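Structure at a glance
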Amino acid sequence: MYEYIKGRLVEKSPSHAVIEVGGIAYFIHISLNTYENIKDSKETKLYIYFQVREDIQQLFGFSHLTERALFLHLISVPGIGPSTGRVMLSSSRPEELQGAILAGDNKTIQKLKGIGPKTAQRLIVELQDKLKKDDILAGDPLVARVSSTYDEAVAALMMLGFTKNQTEKALRAIVKEEDSLPVEELVKRALKKM
C-alpha cells in the first residue's frame, strides 16, 4: 500500500521516527541502521512496510530499499515477525546478516537478540537459496552504482587525509539527498561539509 513516506522529520529515536507529511504525522518503527542514516536529517524518506493485523496496524521504515528487501525475506520465515526482524536488523548490518545466512554461519545468527539455535537453522534453510538467487545487496543496479560511486568517493577523501568515519558521515548525508551524483561532485560536496 505504501512505497515510501517522505517529509519533515519531527521526532527520532533509535526505535522510531515521526515524519510529518501534509499536516499528518506518521509514527514509523525503524532499525538502528536506519536511525544512524537519518539521525542528522531534518527531512527524510523512508521505504515502508505496512503491517495489518486484526489488532494492530504498524508502519516499519527503512532508509534503503536493500534493508527493506532483507526485512521482507526475514519476516517470510515462520516464527519471525516484524518486531523480531527489526531487532535482527538493529543488531547487525544488513550485509553482515545476509553474509551470515549465505555462509550458513549458525553461530553468528544465534548471537542476535531473540534468535535461538532452531530459529537460526530455520533462517539458513529457508533463506539461503532465496538470497543466492535474489542477491538483494548487489542485485539492484541503482544500489550497485551508488555503492560503487560512494566507495570511490570514500577512497578519494581518505587519500586527502580525512578519517573513514568523517568521510562516511558526510557522504551518507549527501547520498541521502541525491543519489545520482558523480564521484567528483560527491567529493566536492563532502569537502564543504567537513
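What counts and how
- Residues numbered from 1 in each chain as written.
- Predicted model: local features only at pLDDT ≥ 70, side-chain atom pairs only at ≥ 80, totals over all residues.
- Heavy atoms only, no water.
- Patch = residues over 30% accessible without salt bridge, like charges linked within 9 Å, V, L, I, M, F, W, Y side chains within 5 Å.
- Areas by Shrake-Rupley, 256 points an atom, 1.4 Å probe, with all protein chains shown as cover.
- Salt bridge = Lys/Arg side-chain N within 4 Å of Asp/Glu carboxyl O.
- Helix = DSSP H or I, 4+ residues; strand = E, 2+ residues; numbered from the N terminus.
- Buried < 20%, exposed > 50% of the residue type's maximum accessible area, 1.4 Å probe, protein only.
- Pairing = 2+ DSSP bridges.
- Axes fitted to C-alpha atoms, helices over the stretch in contact; angles between N-to-C directions.
- Contact = heavy atoms within 4.5 Å.

As for a nonpolar patch on the surface
A grouping of L160, L191 and M194 is seen on the molecular surface, where their side chains present a nonpolar patch of about 250 Å² in accessible area. Secondary-structure assignment places M194 in the segment after α9 (183–193). On the accessibility criterion, M194 (32% relative accessible area) is partly exposed.

Section: the sheet that holds strand β4 (residues 43–52)
Spatially, β1-β2-β3-β5-β4 is the arrangement adopted by the 5 strands of the closed barrel, whose pairing is mixed. Strand after strand, the sheet turns through a mean of 55° between neighbouring axes, direction not considered. Both strand β3 (residues 24–30) and strand β5 (residues 57–62) contribute to a ladder of 3 bridges, which runs parallel. Looking at the pairing, I28 lines up with L59 of β5. Across the sheet, helix α2 (residues 65–75) lies against β4 and β5, angled at about 15° from β4, the strand it touches most. Contacts between helix α3 (residues 82–91) and the sheet are confined to β3, β4 and β5, with β5 contributing the most and set at about 20° to the helix.

Overview of the pattern of salt bridges
Summed over all chains, the structure comprises 6 salt bridges. Between E3 and R68 there is a salt bridge; the shortest N-O distance is 2.8 Å. Taken together, the positions of E3 in the segment before β1 (4–12) and R68 in helix α2 put the pair 65 residues apart, joining distant regions of the chain. The exposure class assigned to E3 is partly exposed, which follows from its relative accessible area of 43%. Between E20 and R8 there is a salt bridge, with the nearest N and O atoms lying 2.5 Å from each other. Pair noted here: E20 is in strand β2 (residues 16–21) and R8 is in strand β1, with a separation of 12 residues, a long-range link. Judged by relative accessible area, E20 falls into the partly exposed class, the value being 27%.

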